[in-house]
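Structural characterization, general
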Amino acid sequence: MERYIKGYWPIFLLPTLIPFLMAFVVPFAMGLYLSLCDFTTVSNAVFVGFGNYIKAFSEGAAGFVHALWFTGLFALLSTVLINLLGLTLALLLVRGFRGTSLFRTVFFMPNLIGGIVLGWLWQVLLNGLLAKAGLTLVSNEWYGFWGLLAVMLWQQAGYMMIIYISGLQSIPDELMEAASMDGAGRWQTLIRIKLPMLMPSVTICTFLSLTNGFKLFDQNLALTNGMPGNRSQLLALNIYQTFYGRIGWEGAGQAKAVVFCAIVVAIALLQLRLTHEREVQQ
Amino acid sequence: MKNRSFKKQKNNALTLLFTAVCALYMVPLAVMVLNSFKKKVFISRQPFAIPNPDSFAGWANYQKGVELTRFFEAMGYSLVITVLSVTVILLCTSMCAWYISRIRSGATRVVYSLFVFSMVVPFQMVMFTLSKLANALGLITPLGIVPVYLGFGAGLAVFMFCGYMKACPIAIEESAMIDGCRPLRVFFGVVLPILRPNAISIGILEVMWIWNDYLLPYLVLDLKRFKTIPIAIQYLKGGYGSVDMGAMMAMLTLAILPIVVFYLGSQRYIVSGIMAGAVKG
């Protein structure tokens, strides 16, 4: 079989491989190199070593370091809240009362709406609510923070709900029957059986919401655009504005991007290891 | 008997509870639609009020918004870019994935790892260099952006296709080859039909990504000539100082409408697409 196909690689591989090289491999390698250079366009780069990284980390009050912990806190909180809500909805909606499929449809719907549209939609809503107290979303950075959290919760809980529902449906009936035979109550069944059996779904959902939180851009741009004074910027927006909002900071922007990339890759590797450990246990 | 009626009552209570929660969940969308029919001063002043004869603006917001953003043009570009890109991605990556999974060599293994790695990398890492490269190559039109999407979206698609190929019985392909079929015939006649449901799942994920994508087309496309829906909406803010919230609400409503139709029409595929995508982990 292999020798039949082998000679056909120009037809099968190249149509994907050439764009992949152009849109990912080359820009990635160039990005790594440019983070060590001084440049304004790609062609006038001069090697300067780690200067860009030092510049990125020693930025002023509302700079990279602020965006870093602001994003970390946001990703962590949004992960916890999204998964709690998603799991609660899933646990209730597998109980087969009337209307469950309609309810699932409703909870999932916000997922399909793009980040820019969502951000503007919620800006009006939240500003309308805050106006009653004489405030706006950009009165200080925490209104933006909680606002963004509300947007993400509304958008993503339904997605996690879908994953948890299918996890719950794959728990064998015998296991539940055995548990009720042994006299396990509702809480015991939840803690001792459902949650352990759901661990693969939990890993997936945690990973998805954590990386989504870290990579968030569109909603941040449309909801507050980093105001007031860049203090509600998450990492992705901070990097974007370093590149395109400040002359002479392209190198620092690329250095920030490399750090950002390293963080996201580290989270992914951690998740991969956790998944593997679980597989060994089973 | 008593137990059963108790359970029934409880289920009815749950139905009632969830009806209320769902109604609350839809409030943001309702507010958006209501406000799109109000004059703009009333949007900031009384955002939650139902339009009354004073504040009712008719279709004025829609008219103005469509003029300002050239919305239907943007919608056309969004449609062309999404349909073309997803078609090309599905075709090219399925071929690529078949080759990678059937030829086990060092080279294909390296290529596969690169694809998997690219799924994790955030866009900001390649944002600057990719947009400069795309500009230099002249890929700044709705047609030109297709290979950019293919390249950047290939990782997920190849990875998922490879996962399905593993479960695909190799014997059918072999017997087709023994019958004298050439690899291209085998792929299009045997492999692709088997992969059809999986291709739909992957296609749904890619559609959701490309239709809503803002930053990549914003940096790559020639914005004087081409805008997609998210770009057009974000442009309502730029240049005019303060945002015309009436026009904004009207355009948001127009932007969400096709998504709702698409969702209700293909809900089953979307849910199975999510499930397939979640397994990737």
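Keep in mind that what you see is a predicted model, and the values were worked out from it rather than measured.

Remarks on the domain arrangement of chain A
Residues and elements named next belong to chain A.
- Taken domain by domain, chain A holds domain 1 (2–52) and domain 2 (58–281).
- On the domain 1 side of the interface with domain 2, the three residues burying the most area are Ser35, Phe39 and Asn52, jointly 57% of the side's total.
- Our enumeration of links across domain 1 and domain 2 arrives at 0 salt bridges.
- Linking domain 1 with domain 2 are 1 residue pair in polar contact (both at pLDDT 80 or more), by the criterion used here.
- Considering each element in turn, the side of domain 1 that touches domain 2 owes the most residues, 4 residues, to helix α3 (residues 14–34).
- Residues belonging to the side of domain 1 that touches domain 2 are distributed by class as follows: 5 nonpolar, 4 polar and no charged.

Here we look at helix α2 (residues 27–35) of chain B
- Buried residues of α2(B): B:Pro28, B:Leu29, B:Val31, B:Met32 and B:Asn35, and no others. Down the axis, α2(B) shows its buried residues gathered within 160 degrees of arc, on one side only.

Describing helix α10 (residues 186–197) of chain A
All names here are of chain A.
- An ideal rise of 1.5 Å per residue puts 16 Å on 12 residues; α10 measures up with 15 Å between its terminal C-alpha atoms.
- All buried positions along α10 are accounted for by Thr189, Leu190 and Ile193. End-on, the buried residues of α10 take up no more than an arc of 130 degrees, which puts them together on one face. Counted as exposed and oriented over 90 degrees from the buried face of α10: Trp187 and Arg192.
- Contacts made by the buried residues of α10 are with α5 (64–93) and α9 (173–181).

Looking at a nonpolar patch on the surface
Residues and elements named next belong to chain A.
- A grouping of Phe57, Val65, Trp69, Leu73, Trp142 and Trp146 is seen on the molecular surface, where their side chains present a nonpolar patch of about 580 Å² in accessible area.
- Mapped by element, the contributors of at least two residues to the nonpolar patch are α5 and α8 (141–169).
- Broken down by element, the nonpolar patch gets its largest block of residues, 3 residues, from α5.
- In this structure, Val65 sits in helix α5.

Regarding the interface of chain A and chain B
- With 91 residues of chain A in contact, the opposing surface of chain B contributes 91 residues.
- There are 0 salt bridges connecting chain A and chain B.
- Taken together, the links from chain A to chain B amount to 14 residue pairs in polar contact (both at pLDDT 80 or more).
- The element best represented in the side of chain A that touches chain B is α3(A), accounting for 16 residues.
- Taken together, the residues of the side of chain A that touches chain B break down into 67 nonpolar, 14 polar and 10 charged.

Quick word on the domain arrangement of chain B
All names here are of chain B.
- The domain architecture assigned to chain B consists of domain 1 (1–35) and domain 2 (61–276).
- Here the C-alpha centre of domain 2 lies 36 Å away from the C-alpha centre of domain 1.
- Counting residues at the interface gives 4 residues for domain 1 and 5 residues for domain 2.
- Buried area between domain 1 and domain 2, summed over both chains or domains, comes out near 400 Å², and the portion from carbon and sulfur atoms is 75%.

Observations regarding the confidence of the model for chain B
- Of the residues in chain B, 95% reach a pLDDT of 70 or more, and the chain-wide mean stands at 86.
- As scored by the predictor, the complex reaches a pTM of 0.87 and an ipTM of 0.86.

With respect to the state of the cysteines
- Throughout the structure, instances matching the rule amount to 0 disulfides over all chains.
- Left unpaired, A:Cys205 is separated from the closest cysteine sulfur, that of B:Cys22, by 19 Å.
- Not part of a disulfide, A:Cys261 finds its nearest cysteine sulfur in A:Cys37, a span of 17 Å.
- Looking at A:Cys261, the relative accessible area reads 5%, which means it is buried.

Regarding the side chain of A:Thr71
- Relative to the assigned elements, A:Thr71 resides in helix α5.
- The buried category is assigned to A:Thr71, whose relative accessible area is 0%.

As for the packing of aromatic side chains
- A complete count under the given rule lists 45 aromatic pairs over all chains for this structure.
- Ring geometry for A:Phe97 versus B:Phe18: centroids 5.6 Å apart, planes at 40 degrees, classification tilted. In this pair, A:Phe97 sits in the loop between α5 and α6 (100–108) while B:Phe18 sits in helix α1 (residues 2–25), so the two residues belong to two different chains. Of the two residues examined, A:Phe97 and B:Phe18, each falls in the buried class.
- Here B:Tyr149 and B:Trp209 contribute two aromatic rings whose centre-to-centre distance is 5.1 Å and whose plane-to-plane angle is 90 degrees, an arrangement assigned as edge-to-face. One end of the pair, B:Tyr149, is in helix α8 (residues 145–167); the other, B:Trp209, is in helix α10 (residues 183–212), with 60 residues separating them in the sequence.
- Judged by its relative accessible area of 27%, B:Trp209 falls in the partly exposed class.
- An aromatic cluster is present here, built from A:Phe97, A:Phe103, A:Phe107, A:Trp122, A:Trp154, B:Phe18 and B:Tyr25 joined pairwise through their rings.

Reading the values: the criteria
Residues numbered from 1 in each chain as written. Chains lettered and ligands numbered in written order. Predicted model: local features only at pLDDT ≥ 70, side-chain atom pairs only at ≥ 80, totals over all residues. Heavy atoms only, no water. Domains from an automatic or database assignment. Buried area = accessible area lost by both parts, 1.4 Å probe. Salt bridge = Lys/Arg side-chain N within 4 Å of Asp/Glu carboxyl O. Polar contact = N/O pair within 3.5 Å; in protein donor to acceptor, adjacent residues only side chain to side chain. Helix = DSSP H or I, 4+ residues; strand = E, 2+ residues; numbered from the N terminus. Nonpolar A, V, L, I, M, F, W, Y, C, P; charged D, E, K, R; others polar. Buried < 20%, exposed > 50% of the residue type's maximum accessible area, 1.4 Å probe, protein only. Arc of directions from axis to C-beta. Expected span 1.5 Å × (residues − 1). Contact = heavy atoms within 4.5 Å. Patch = residues over 30% accessible without salt bridge, like charges linked within 9 Å, V, L, I, M, F, W, Y side chains within 5 Å. Areas by Shrake-Rupley, 256 points an atom, 1.4 Å probe, with all protein chains shown as cover. pLDDT = per-residue confidence, 0-100. Disulfide = S-S within 2.5 Å. Phe/Tyr/Trp six-rings, centres within 6.5 Å; stacked < 30°, edge-to-face > 60°.

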